Amino acid sequence: MATTDTEVNELIKREYEHGFVTDIESDTFEPGLNEDVIARLSGIKKEPEWMLEWRLKAYRRWLEMDEPDWAHVGYPKIDYNSISYYSAPKRKEDMPQSLDEVDPELLRTYEKLGIPLHEREKLAGVAVDAVFDSVSVATTFKEPLAKAGVIFCSISEAVRDYPELVQKYLGTVVPHGDNFFAALNSAVFSDGTFVYVPKGVRCPMELSTYFRINAANTGQFERTLIIADEGSYVSYLEGCTAPMRDENQLHAAVVELVALDDAQIKYSTVQNWYPGDEEGKGGIFNFVTKRGAAIGKNSKISWTQVETGSAITWKYPSCILRGDNSVGEFYSVALTNNYQQADTGTKMIHLGKNTSSTIISKGISAGKSSNAYRGLVKFGPGAEGARNFTQCDSLLIGDRCGAHTFPYIESKNKSAIVEHEATTSKVSDEQMFLCRQRGIDPEQAVSMIVNGFCKEVFRELPMEFAVEAGKLLEVSLEGSVG
Amino acid sequence: MRPAPTLSTAFLHPAGGSLPEPLAALRKQQGSGLVDLPLPTRKTENWKYSSKYLKLTDDMAISLPAEGKSGSSLAVPGYKVVLLNGIMMPEASDYPDLDGITIERFEDLDSDTATWLAGRLDHALDSRSVQISRLNTARFEDGLLIRLKPGAVLDQPLFIVHETQADASGSAYPRIYVDAGANSQITLVEEYISGGSESVMVNTVTELNLGEGANVTSIRLNMEGENVQHIGATGVLQQRSSRFESHCVGFGGLLRRHDLQVRLEGEGAECKLNGVVVTQDKQHYDNHTTIEHVAARCNSEETYRNIAADQSHAIFNGRIHIHQDAQKSNANMNNKNLLLSNGAEIDTKPELEIYADDVKCAHGATIGQLDEISLFYLVSRGIGRREANVLLTMAFINELVEQIPVETVRETTQGRLNQFFEQTFQEA
C-alpha cells in the first residue's frame, strides 16, 4: 500500500540530502547568536541605526523569554546557538545547472501537480537564467504596480527606501517582544516582503512572493509587512504548492498586516515544506506568528491557508478587529500525514463595535500524525453587537492519528454573539462504498471525499491556487489508504 | 523566570483526627508532597481564569472544628448523612441499616478495609486536579465510605449534606468514596451549604467507582454562602456497561471551582453530565469537566448552561479525550451561555482530544443574550418586561433542571433559580 507514499516522501528526502550541505563560506556567519552577530547582520544589510536598535531591543527581550511549551507538539530542544543567522545567497555555480541534475522523483511530483516547465527549474533550485528572473517577470508586474502607486519590494529595500512607513508600522501588530519566536525573528529577520497600497487603490494584480525576485533566498527568518491604506484592496499569495526545497530546519517568520479605514487585505498561504520522512526524521519546524490589525472602520482581513508541509506547524494567523464594523476571516485546511504535527488555528480579538468574524477550519490527520486546532475568540467590553461563527471539522484517516480541538471563547459583552461547533469523524464506509461501487479506486475515492470536505476553504483561495491545492492534497495523502 | 509560588507552610502542620493507620500513612505521604505543590497562577492552564480568586492565607490553614449546629436546607425525603466541616455527625444523620449497603466513617474502618481504601483513593482523579486532590488527601480528618454490594438497590435517594460552619476563618476537607458493586443502583444527592460569615475554604473530593452494570445518579448542589471558597473535585471510574448520570447545580460565590472527571474504562459504559451555573454580583464559578473514553463503545453526553449577571464571571471547560483503543465512541458536548450584563464575563473552552478514528464526536458552544424577538413576543402579549426576562432566562436552563430525577431537589432548585432571576431583573 504505502509504496507511492514512501516514494513521495523518499523523493523529497533524497532531494534534501542532495547538494544542500553547504561548506561554510566566507559570507556565512559562524553559528551562534549575540549582539555582535545582530550588528554584523544589520551592517551587511546597510540598515539605519533605528533598525539595529529595534533588533537589539527584541534580542534582549528574547533572552528573558522561555520557549513556549503549551502547544500540542513534541520536538527535541532547539539549540539556538548552533544556527547560523546569516548566509549570503548561494552562488550560481553551486546550484544544479539544469533540470537533468535534479532528482527525477521530484520532477515527477512537479508533473503530478501540473507545474509549468520553467517554474520547475526555479523550484528545484536550478540556476535560472537571469533574464527570466529579473526582466521578463519584473516587467510584467512592476509596471502596472508602479502605475497604481503600489510599493512591493523586499523589506530590506523598504527599510532603506521607505523608512517612514516601515518605522510607523513595523512591530505595531506583532511587537518585538510578542512571543518567543516573534522576538527571535525581530532580532534576526533576514528578509521578507513589504507591501504598501495607497489610499483608494485596488491592487491591479494578486501579489505573490513567488514572483518577487530573489524571494527564494529570504531565508528562515522571514518578515512580511503589508499595509493597506484607506479604501484600498490587496490580495497576497504566499508559498506555493510544489514541495519547496530549503536547507534550514527552523523557520520563524512574522507577518504583520495593517488595514486602515475601508481597506481589505486577503492573505493566502499554501505551505508545503519538507515534512520529514515516514519515520518522522528531519522536516521543517515552522513557528510562525501571523497577525492582522483591522484598525480602520469597515476594514477587512481575510486569512486563507492550506498547510500540508513541515514536520511541526505552530501557527495562528490572527485578527485584531479594532475598527468598528471590521471583519476578520480565517479559512484553513491543515493536513498531516506520517509523523507530522500541526498545532494551528486563529485568534479573533473583537474590540470595535459590530465587528464580525468567521472561522472555518478543516483538519485532516492521517498516518501517525497529530493535528490540533487551537483558537481564541474574544469579545472586549466595547465589542457591542459583535458576532463570531466558528466551525472546526476534523477528519481522521487511520487509527493511529490524532485530531484535537482547543477553542477558547471569552466574552465580556452581553450583546456579542458567538457560536462554535466542532465535529470529528472518519471517512465513512458508506461514502467509500458508494465510490468503490462506481469503479473509483480507494485512493481516488479518499482524495475526492477529502476534497469535498475542504471545499468551503478552497473556494476562498484564488482560482489557480485552488486547483493546485486540490492536487496537493491528493499527493500528500497518497498511500494513506488501502 | 520567577519560581512558581508554593503553598504556605501553615498548611503543612499535621492534620488531626484519628484515622486508621493505612489512611493516616497515605495522608502523611501526600502531606509531605504539599511542600512542592505548585500553587495555581494565571499561567496554570487549568486555573487561568480562577487562580486570582484562590486565597490560601495562613488563617485559612486552620481546620474548622466539627462542632456547632447543623441542619439541611432541603426537606429530605430519603436517607441523610450530615457532615459538619467535613466530619460526619451521627446524631444529625438518619439512615437505616440496609442490606447490601454500608455507610462508614473512615475513622471506624477496620484495618483491612482501610488498607483497601488507601490503595484506591485518588485513583479517579488525574494530575489536572492535583491542587484540589492533593490538598484534600493531605488534610482530611475523616471521610465517608459508602459501599454497595453487587445487585444492591437503594430505594430512596441518599442525601449527603456538607455543611460548613464559618464562625472563624479556616478550612474543611470533606472526603467521600463510593464503591458501587456490579449491577447496584444508587441516587446520591450531595448538597453544600454553609453558615457563618467568616472567610473559609472548602476543599472537597468525592470519588465513585462504578462496577459492571452499576447505575449511579449523582446530584450536586452548590449553595454555600458568599464567604466560602469552594474547590472541589469529583472523580468517577466506570466499568463495563455501567451508567453514570450527574446533575450539578451551582450558585456563585467568592470562588467556586468544581472538577468533574469521568473515566469510561469498560466497554459499553455511558455517562451523562448536566450542569447549570448562575452567578451575580462579583461572583465567580469555574467548572472543569473531563471525560476519558478509555474503552471502546462508550457513550458520553454533556450539557452545561451558564448564566452570568452583574459583574460576575462564569467559566466552563469541558474536555473529551478519546483514547487510541476507544473505537466506536460517541461523544457529544454542548455548552450554552447567557450574558445578562456588560460587566459580566463568560469564558468557555470545549476541548476534543481524539486518538481513534472510528468515532463520532461533536461539541458546540454559544455565548449570547436573550433573544429580542422572543422578548418582544411576550411583551406584546401583555407580559411585563421584567417577567418576560425571568421567564425566558428560566426557560434557558429549565430544560436541564427538569431532568433532575429527585422531585424535592428539582423543586428547591427551581425555586432558588426563580428567586435569583427575580432579583437579577429587579431594575429592568
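Residues numbered from 1 in each chain as written. Chains lettered and ligands numbered in written order. Predicted model: local features only at pLDDT ≥ 70, side-chain atom pairs only at ≥ 80, totals over all residues.

### Focus on the overall build of chain A
Looking only at helices and strands, chain A has 12 helices and 20 strands in total. Every one of the 482 residues in chain A was classed for burial, and the buried ones make up 51%. Put simply, of all contacts in chain A between residues at least 6 apart along the chain, 85% involve residues at least 24 apart. (Helix = DSSP H or I, 4+ residues; strand = E, 2+ residues; numbered from the N terminus. Buried ≥ 20, exposed ≤ 12 C-beta atoms within 10 Å, placed from the backbone. Contact = placed C-beta atoms within 7 Å.)

### Side note on the environment of R175 of chain B
Residue and element names in this part refer to chain B. Mapped onto the fold, R175 is located in strand β7 (residues 175–180). The spatial distance from the C-alpha of R175 to the C-alpha of R139 is 9.9 Å, given a sequence separation of 36 residues. Once residues within four sequence positions are removed from consideration, R175 is found in contact with N136, F140, G143 and V205.

### Regarding helix α6 (residues 407–424) of chain B
Residues and elements named next belong to chain B. Helix length check: α6 (18 residues) gives 25 Å between terminal C-alpha atoms against 26 Å at 1.5 Å per residue, within 8%. Within α6, the full set of buried residues consists of V409, T413, L417, F420, F421 and T424. The buried residues of α6 occupy an angular sector of 90° when projected down its axis, which confines them to one face. Those residues of α6 that are exposed and aimed more than 90 degrees away from the buried face are E407, G415, Q419 and Q423. (Expected span 1.5 Å × (residues − 1). Arc of directions from axis to C-beta.)

### Quick word on the interface of chain A and chain B
Tallying the contact residues gives 32 residues for chain A and 31 residues for chain B. Classifying every residue of the side of chain A that touches chain B gives 13 nonpolar, 11 polar and eight charged. Relative to strand β19 (residues 345–354) of chain B, strand β19 (residues 402–411) of chain A runs antiparallel, the two sharing six bridges. Counted as the bridge partner of H404 of chain A is E353 of chain B from β19 of chain B. (Nonpolar A, V, L, I, M, F, W, Y, C, P; charged D, E, K, R; others polar. Pairing = 2+ DSSP bridges.)

### With respect to unusual backbone geometry
For D262 of chain A, which is not glycine, the phi dihedral falls at a positive 60°. Looking at where D262 of chain A falls in the secondary structure, it is placed in the loop between β7 (254–259) and β8 (264–271). If you check the backbone angles, D122 of chain B has positive phi at about 75° while not being a glycine.

### What to know about the nonpolar core
Grouped together as the largest cluster of nonpolar side chains are 226 residues, with contacts concentrated most on V195, A228, L257 and A259 of chain A. Split by domain, this core shows at least three residues from each of two domains, domain 1 (21–369) and domain 2 (372–428) of chain B. Beyond its immediate chain neighbours, meaning those up to four positions away, L257 of chain A contacts V173, I226, I265, Y267, G292, A293 and I301 of chain A. (Core = buried A, V, L, I, M, F, W, Y, C linked by C-beta atoms within 7 Å. Domains from an automatic or database assignment.)

### Focus: the packing of helix α5 (residues 385–401) of chain B against α6 of chain B
Residues and elements named next belong to chain B. Running from amino to carboxyl end, α5 crosses α6 at an angle of 155°, the nearest separation of the two axes being 10 Å. Classified by the interaxial angle, the pair formed by α5 and α6 is roughly antiparallel. Of the two elements, α5 crosses α6, and the hand of that crossing is right-handed. Contact residues: α5 offers V390, T393, M394, I397 and V401, while α6 offers R410, T413, Q414, L417, N418, F421 and E422. Split by residue class, the contact of α5 with α6 holds six nonpolar, four polar and two charged. (Axes fitted to C-alpha atoms, helices over the stretch in contact; angles between N-to-C directions. Parallel < 35°, antiparallel > 145°, perpendicular 65-115°, else oblique. Left-handed = near helix turned anticlockwise from the far one by under 90°.)

### Quick look at the packing of helix α4 (residues 372–380) of chain B against α5 of chain B
Residues and elements named next belong to chain B. Across the interface, α4 lies against α5 with an axial gap of 9 Å and an inter-helix angle of 130°. Viewed along their axes, α4 and α5 adopt a mutual orientation that is oblique. In this structure, α4 crosses over α5, and the sense of that crossing is right-handed. Here S374, L375, L378 and V379 of α4 come into contact with α5, specifically with R385, A388, L391 and L392. Counted by class, the contact of α4 with α5 contains six nonpolar, one polar and one charged residues.

### Brief notes about the domain arrangement of chain B
All names here are of chain B. Assigned domains within chain B: domain 1 (21–369) and domain 2 (372–428). Here the C-alpha centre of domain 2 lies 27 Å away from the C-alpha centre of domain 1. Taken together, the contact pairs 21 residues of domain 1 with 16 residues of domain 2. Taken together, the elements giving at least two residues each to the side of domain 1 that touches domain 2 come down to β8 (185–196), β10 (215–222), β12 (243–251), β14 (270–279) and β16 (299–308). Classifying every residue of the side of domain 1 that touches domain 2 by side-chain character gives 14 nonpolar, six polar and one charged.

### Things to note about the confidence of the model for chain A
In low-pLDDT segments, the atomic positions of the prediction should not be examined closely. Residue and element names in this part refer to chain A. In this model, chain A carries a mean pLDDT of 81, and residues with pLDDT of at least 70 account for 78%. Counted against residues more than four places away or in other chains, residues 7–26, with its pLDDT under 50, gives 27 contacts. Under a pLDDT of 50 for its full length, residues 211–218 has, in the predicted model, 13 contacts with residues more than four places off or in other chains. (pLDDT = per-residue confidence, 0-100.)

### Brief notes about the confidence of the model for chain B
The predicted model of chain B has a mean per-residue pLDDT of 91, with 97% of residues at 70 or higher. Interface confidence for the predicted complex, given as ipTM, is 0.88, next to a pTM of 0.87.

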